[in-house]
Amino acid sequence: MSIISKLEMLSKFPPKVIYQKIWNRIRFKWRDYVYKIALNEADLRTIEAPPLVNQFFDIDKIDVKDLDKEVSEYLLDKYCNHRFDLLGSGWVKNAYDTEALGLEGHQYPIEINVKPEPSGDWLLDLLNPHHFDFSQECWLLIMRLNPNYEPIDWQRDFKSGFRWNNKLDFRQQRKIMAGKKGVDLKVPWELSRLQHLPQMAILAKNVGKREKYVIEYMCQVLDFMMANPIGMGVNFNCPMDIGIRVANMCIAFDLFQDLLPKSEQKEFLNKHQRYLNQTAIHIGYDIEYREGLTSNHYLGNVLGMLFYGAYAHASIKSSQLLVVGIQELYESMMHQFFADGSNFEGSTSYHRLSGEMMAMGAFLILNMDETHRLRIQTYERKGWNFAVDIKRLKNQVFDANKDTILPDEFYNRLHKSGVFSRVITKPSGLVPQFGDNDSGRFFRLTPVGKLKPIEQIRKEYIHLPDSYFETYKDTHFWDEEGLDHNPFISSLAGLGCMDTLEKRNLSVEKSIFSQHPYRSWMQRLDNAEALAPNIWRKLRMKARFREKIKHIPLWDADKENKLLLPYYFEDFQLTILKNDDVYIAMVGMSNPNQHHSLSHVHNDKLHVEIELNGESILRDPGTYLYTPIPEKRTLFRSVKAHNTAVIHGEEQNTPLKGRLGLFNMKPEVNYTLVRFNENGITAEIEYRNFIHHRTIELLDDGIHIIDQCNSTFEVNYEPFEYYSNGYGKLSKANNS
């Protein structure tokens, strides 16, 4: 990043924050130096770590009636053969000798010659000498469990083929990929979350073969610990993903621990607890807390600390992590979720990601026993030297003597976050893609999607090259549906803060999250939805305004059921008109209290999504990619990709210059909702010297969209050329 770019970014902050940034940069440089020395000297064979002694998930109480056995068998087979479909990769094998298929022509060859053999000496080619002994012990244990196990290459972007370096510490990983197009950090990060392991346990229960899959679970965990020394390689580069990994390792352990074979149990547990301990501490060293300007990344850090602190036996450090996890979960809720329940990232998909983190955090807290409550009343502050402060007990908002521990407002906002997801859901069961969609989830328990014939996948998607279908001769393809928020809504139904009678509730999530003692209290939360009042303001209109009108006819079935319910989320600035057949949503997200960088916001103000009888008429094109192909990131985020007014080809919010602009824009748009009731919507945006009004009217002959601007403009009412329903996935608009 150039000096000019850095100054431009700093100019967005108040002087106090700039001072804190400079001071923290100096302070943490020394801390990082000390930590780097510790990484070079650490030996996981000798580190003392408390055991994992607590259980929060009872596999016997998980209701798997909604799970399809064919889908379960399909996914279990893929996971055991180390084939993963992540971020548009297709179900590809990820081994050290697997040739990558490439991303839009960008393909990197295999540059290491790894031949796994029983002794483990092959690891010397991958790791620094001081990491070898622990890793070799992991490999030898794998060989005892399954002599035919084939290791996974965790350091690899298995789409482009680029590989990071296990021998270099986490801060050096971005340097080795600099200037290499098509390389995506998110691919190894996504796999490293290990979200498939808890799902494997649940699917194994569904097919009645838990004993068979516990060995694969153990081998994959040992494989990961073996190939990812603490603080080394690409999978310690992003603390959010590390936090998600800690949580999913704890959940998977909980679901499999009753089946661990006696002969290997002690050695496995010893390595597992030490690795988790040091991983949680690493999160503290590299925590994504930037002078109070937090995001979903920081929330992932918080959940990692909370999970480890909740599962581990009492110690000074585990209790500190537990306290900070509870403390910052509440702070993050108050800071990152608005009073209307929506998330401040300005993205419907990131709303679900952060909502899942909040739901799982609440589940842990509601299940804390007397030992946990004693720990959060008697913790020590001494020795806590991470960026986020651990408050004195008298300054904490939590109360260990209260049943639900956290203040009621936390649970009220959690409830409202579920209401938001339920209301924005279309009759088809999917949500609109306002803002970024990187397919991020905190947990994946119930598989949501469709098992499709391979011919349909080949016709539907263009991101999978012909070589994919030539390499993998599958007859069917499990296609995950990332726009279905039902797992999140069902989780809240389980907690008790959503309508538990809803027909679409998923049995797995609902049965898991209902395993806490305070459901009757949670069910007292207000379950009302965000029905909007009749809003009417004066519209600024001058004679020189230009006008364009789009007419969308209604089908006969739509005309018979024209009564639409209006919903308005004032903080997200989202208006919705919907019934069982008709769905109309218009977004204006320009709240000055949204995330300061507009990282995950698109230039989509007054963009409209319309669905009639389950068919998309107007929709958002999605996100597709972030950094591997910057021009695609810019394209899908641009005003031209949305069906709003394009005035002189200018963006609504101006991106910062260079790569910094991929996740930073100047907040220049002001939004006003002028009129809103069951008959239509009128809203206005103003940015720089431009004013754009958009009116949506429901009339007898159909839906009218009326656009008016104070300058010449164009509106692309036709679908954008491409459509992406999940990160890395791409279709032609007319094929999806």
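Residues numbered from 1 in each chain as written. Predicted model: local features only at pLDDT ≥ 70, side-chain atom pairs only at ≥ 80, totals over all residues. Heavy atoms only, no water.

A. Quick look at the overall build of the protein. Broken down by element type, the protein carries 21 helices and 19 strands. Burial analysis of the protein (736 residues in total) assigns 63% to the buried set. For the protein, the exposed surface amounts to about 28,100 Å²; the carbon and sulfur share of it is 51%. (Helix = DSSP H or I, 4+ residues; strand = E, 2+ residues; numbered from the N terminus. Buried < 20%, exposed > 50% of the residue type's maximum accessible area, 1.4 Å probe, protein only. Areas by Shrake-Rupley, 256 points an atom, 1.4 Å probe, with all protein chains shown as cover.)

B. Representation of the side chain of Lys426 in the model. Topologically, Lys426 is positioned in the loop between helix 14 (408-424) and strand 3 (449-453). Once residues within four sequence positions are removed from consideration, Lys426 is found in contact with Val431, Pro432, Tyr583, Glu609, Glu611 and Ser616. (Contact = heavy atoms within 4.5 Å.)

C. Inspection of helix 4 (residues 129-145) at higher detail. Over its 17 residues, helix 4 runs 25 Å from end to end, which matches the ideal 24 Å to within 8%, given 1.5 Å per residue. Those residues of helix 4 lying buried are His131, Phe132, Phe134, Ser135, Gln136, Cys138, Trp139, Leu141, Ile142, Met143 and Leu145. (Expected span 1.5 Å × (residues − 1).)

D. Region of the structure containing the nonpolar core. In this structure, Tyr217, Phe307 and Leu495 are the most contacted members of the largest nonpolar core, which totals 193 residues. Sort the elements by how many residues they give to this core and helix 8 (residues 239-256) lands first, with twelve residues. (Core = buried A, V, L, I, M, F, W, Y, C linked by side-chain atoms within 4.5 Å.)

E. Representation of the pattern of salt bridges in the model. Enumeration according to the criterion identifies 36 salt bridges in this entry. Across the pair Asp408 and Lys402 runs a salt bridge whose closest N-O atoms are separated by 2.7 Å. Here Lys402 falls in the partly exposed class, since its relative accessible area comes to 26%. The partner of Glu609 in a salt bridge is Lys426, and the shortest N-O contact between them spans 2.6 Å. Of the two residues, Glu609 sits in strand 10 (residues 608-612) while Lys426 sits in the loop between helix 14 and strand 3, which places them 183 residues apart along the sequence. Both residues of the pair, Glu609 and Lys426, count as buried. Here the salt bridges do not stand alone but share partners, grouping Glu190, Arg193, Asp241, Arg444 and Glu480 into one network. (Salt bridge = Lys/Arg side-chain N within 4 Å of Asp/Glu carboxyl O.)

F. Structural detail: the packing of aromatic side chains. Within this structure, the stated rule accounts for 36 aromatic pairs. On the numbers, 4.9 Å between centres and 80° between planes, the contact of Phe162 with Trp164 is edge-to-face. Ring centres of Tyr468 and Tyr472 lie 5.3 Å apart, and the angle between their planes is 40°; this geometry places the pair in the tilted category. Owing to a relative accessible area of 0%, Tyr468 belongs among the buried residues under this scheme. Here the basic side chain of Lys186 rests over the ring of Tyr727, its NZ or CZ set 5.3 Å away from the ring centre. Looking at Arg619, its charged tip hangs above the ring of Tyr723, at a distance of 3.6 Å from the centre. (Phe/Tyr/Trp six-rings, centres within 6.5 Å; stacked < 30°, edge-to-face > 60°. Lys NZ or Arg CZ within 6 Å of the ring centre and 35° of its normal.)

G. Summary view of the packing of helix 10 (residues 296-311) against helix 12 (residues 348-366). Remark: helix 10 packs on helix 12, axes separated minimally by 10 Å, with the N-to-C direction vectors making an angle of 20°. As summarised for this structure, helix 10 and helix 12 are arranged roughly parallel, according to the angle between their axes. Crossing of helix 10 over helix 12 shows left-handed handedness. For the pair helix 10 and helix 12, the contacting residues are Asn296, Leu299, Gly300, Leu303, Leu306, Phe307 and Ala310 in the first and Tyr350, Leu353, Ser354, Met357, Met358, Met360, Gly361 and Leu364 in the second. Counted by class, the contact of helix 10 with helix 12 contains eleven nonpolar, four polar and no charged residues. (Axes fitted to C-alpha atoms, helices over the stretch in contact; angles between N-to-C directions. Parallel < 35°, antiparallel > 145°, perpendicular 65-115°, else oblique. Left-handed = near helix turned anticlockwise from the far one by under 90°. Nonpolar A, V, L, I, M, F, W, Y, C, P; charged D, E, K, R; others polar.)

H. Spotlight on the packing of helix 4 against helix 9 (residues 262-285). The contact between helix 4 and helix 9 brings their axes to 11 Å, and the two run at 145°. At the point where helix 4 passes helix 9, the crossing takes the left-handed sense. Residues Phe134, Glu137, Cys138, Leu141, Arg144 and Leu145 of helix 4 form the contact with helix 9, whose participating residues are Glu264, Glu267, Phe268, Lys271 and Tyr275. The residue makeup of the contact of helix 4 with helix 9, split by class, is six nonpolar, no polar and five charged.

I. Seen up close, the sheet that holds strand 8 (residues 574-578). If you trace the five strands from one edge of the open sheet to the other, you get 7-8-9-10-11, paired in antiparallel fashion. Of all strands in the sheet, those bounded by a partner on one side alone are strand 7 (565-569) and strand 11 (615-618). This sheet shows a mean twist of 15° between the axes of neighbouring strands, independent of strand direction. For strand 9 (residues 582-587) and strand 10, the ladder comprises five bridges, and the chain directions are antiparallel. Directly across from Tyr583, in strand 10, lies its bridge partner Glu611. Those strands touched by helix 14 are strand 7, strand 8 and strand 9, and its axis lies near 50° from that of strand 8. (Pairing = 2+ DSSP bridges.)

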